[in-house]
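Here is what each chain is made of, one letter per residue.
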Amino acid sequence: MFTLAHLSDPHLPLPRPPLGALLGKRALGYLSWQRRRKAIHRPEVLAALVADVHAQRPDHIAVTGDLCNISLAAEFRQAGAWLEGLGAPTEVSVVPGNHDTYVRNRAADGLDLWAPFMTGDGAKPGFPWVRVRGAVALVGVSTAAPMSWISAGGIVGPEQTAAAERMLARLGADGLCRVLLIHHPPIDRGPRRKRLIDIEPFAAAVGRAGVELILHGHTHVAGLDRLPTVAGEAPVIGVPSGSARPVRHAQPAGWNLYRIARAGAGFALRVTTRGLVEGRFAELADYHLRTVGPS
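Residues numbered from 1 in each chain as written. Predicted model: local features only at pLDDT ≥ 70, side-chain atom pairs only at ≥ 80, totals over all residues. Heavy atoms only, no water.

Participant: Explain the packing of helix H2 (residues 43-56) against helix H3 (residues 73-86) to me, please; I cannot follow it from the model alone.
Facilitator: The axes of two packed helices give the description: the angle between them and the distance between them. In contact at an axis separation of 11 Å, H2 and H3 are set at 30° when each is read in the N-to-C sense. Considered as vectors, H2 and H3 are oriented roughly parallel to each other. Of H3, the residues touching H2 (which contributes Leu 46, Val 50 and His 54) are Trp 82, Gly 85 and Leu 86. (Axes fitted to C-alpha atoms, helices over the stretch in contact; angles between N-to-C directions. Helix = DSSP H or I, 4+ residues; strand = E, 2+ residues; numbered from the N terminus. Parallel < 35°, antiparallel > 145°, perpendicular 65-115°, else oblique. Contact = heavy atoms within 4.5 Å.)

Participant: I'm lost on the sheet that holds strand E7 (residues 213-216) in this one. Help?
Facilitator: Each strand in a sheet pairs with another by means of backbone hydrogen bonds, the pair being arranged parallel or else antiparallel. The six strands are arranged E4-E5-E6-E7-E9-E8 in an open sheet whose pairing can be described as mixed. The open sheet is flanked by strand E4 (129-133) and strand E8 (223-227), the only strands paired with a single partner. Neighbour to neighbour, the strand axes of the sheet diverge by 20° on average, direction disregarded. Relative to E7, strand E6 (residues 177-181) is paired through three bridges, and the arrangement is parallel. In the sheet register, Val 179 faces E7, and the bridge partner there is Leu 213. The strands touched by helix H5 (residues 199-209) within the sheet are E6, E7 and E8, with E6 carrying the most contacts at an inclination of about 170°. (Pairing = 2+ DSSP bridges.)

Participant: Whenever I open this one, H2 confuses me. Can you help?
Facilitator: Three- or four-residue spacings in an α-helix give side chains the same orientation, since the helix completes a turn every 3.6 residues. Compared with an ideal rise of 1.5 Å per residue, which puts 14 residues at 20 Å, H2 spans 20 Å between its outermost C-alpha atoms and is within 8% of the ideal. Check the buried side of H2 and you find it contacts strand E1 (2-7), strand E2 (60-63), H3, strand E10 (254-263), strand E11 (266-277) and strand E12 (280-291). Two residues or fewer past H2, Arg 57 is found with a positive phi of approximately 55°. (Expected span 1.5 Å × (residues − 1).)

Participant: Got a minute to help me understand the nonpolar core in this structure?
Facilitator: In summary, soluble globular proteins display a tendency toward joint burial of nonpolar side chains. Counting residues in each nonpolar core, the largest one holds 46 residues, and the members touching the most others are Trp 82, Leu 83, Val 94, Trp 114, Val 179 and Ile 260. Among residues more than four places away in sequence, those in contact with Leu 83 are Leu 67, Val 92, Val 94, Trp 114 and Phe 117. Core analysis: the next-biggest nonpolar cluster, separate from the first, contains 24 residues, Met 167, Leu 168, Leu 176 and Val 211 among them. (Core = buried A, V, L, I, M, F, W, Y, C linked by side-chain atoms within 4.5 Å. Buried < 20%, exposed > 50% of the residue type's maximum accessible area, 1.4 Å probe, protein only.)

Participant: How should the pairing of strand E5 (residues 136-140) be read in this particular structure?
Facilitator: Along any regular strand, the residues point their side chains to alternate faces of the sheet. Burial of E5 is extensive: five of the five residues sit out of reach of the surface. Summarising the sheet, E4 and E5 pair through five bridges and their orientation is antiparallel. Residue Arg 133 lies in a different strand from E5, and its bridge partner there is Val 136. Taking the residues between adjacent antiparallel strands as the criterion, E4 and E5 are bridged by two residues, where Gly 134 takes a positive phi near 65°.

By themselves, these figures tell us nothing about what the structure is for.
Below you can see the structure in the form of structure tokens.
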């Protein structure tokens, strides 16, 4: 059995930005943080969630983006240190979110700082990547790209989509349980300005190749959907923000623990949902999913 923890959208505290950095979209994002978001995303909540994850001793931890808020260089350094505290790069896998590419950055001051957590087995940094752990293949896809002022959307792009399809098909032929990690969900969910721009071609590619489980963030709410694939309907599961306290309309912080085991020609998935309840993390639900084996 392989155990996988999934958390997302930690939105680490925003360091004080240099005045020269608050231009364009960043200025709007900073104002949003000061007026609303910093009251929702609390470091003490995130620290409690991480402690709860570590207490469950998962084999691996997946983080599906939005560690940053407005993509400052200081945010990437802060997030890099946080990831090191979360676990070793071989035990923690990351894909970026739209807030991690809020504006264009020099790679050396941005996502390159997280490269050890976003590199496939024996490969150079880049997306998509694959990490095989026993019978489980983790596949990381990036939807993060600078967007317009009003957009929180994402894009995979035709080159990455084609590579992901080939990778998923190959892993399925090898009989592995394919777990796709992505920030924006590959289903129509939420306002159009926040969706994956190329959702149709990407979802079609995943459907042709097959996948056993898709984990995403971005929506800040727990959700279970299904994506039709050649290998059967794949569960598409999202989690709340890892740092959210229950204020206004924010769903309290939560994360999921997956237990994955072979079951006949396929894989059995047991999902344990844990969330913030009265100031501490507790089990909210425990259920089983059975997926069709790789085609």
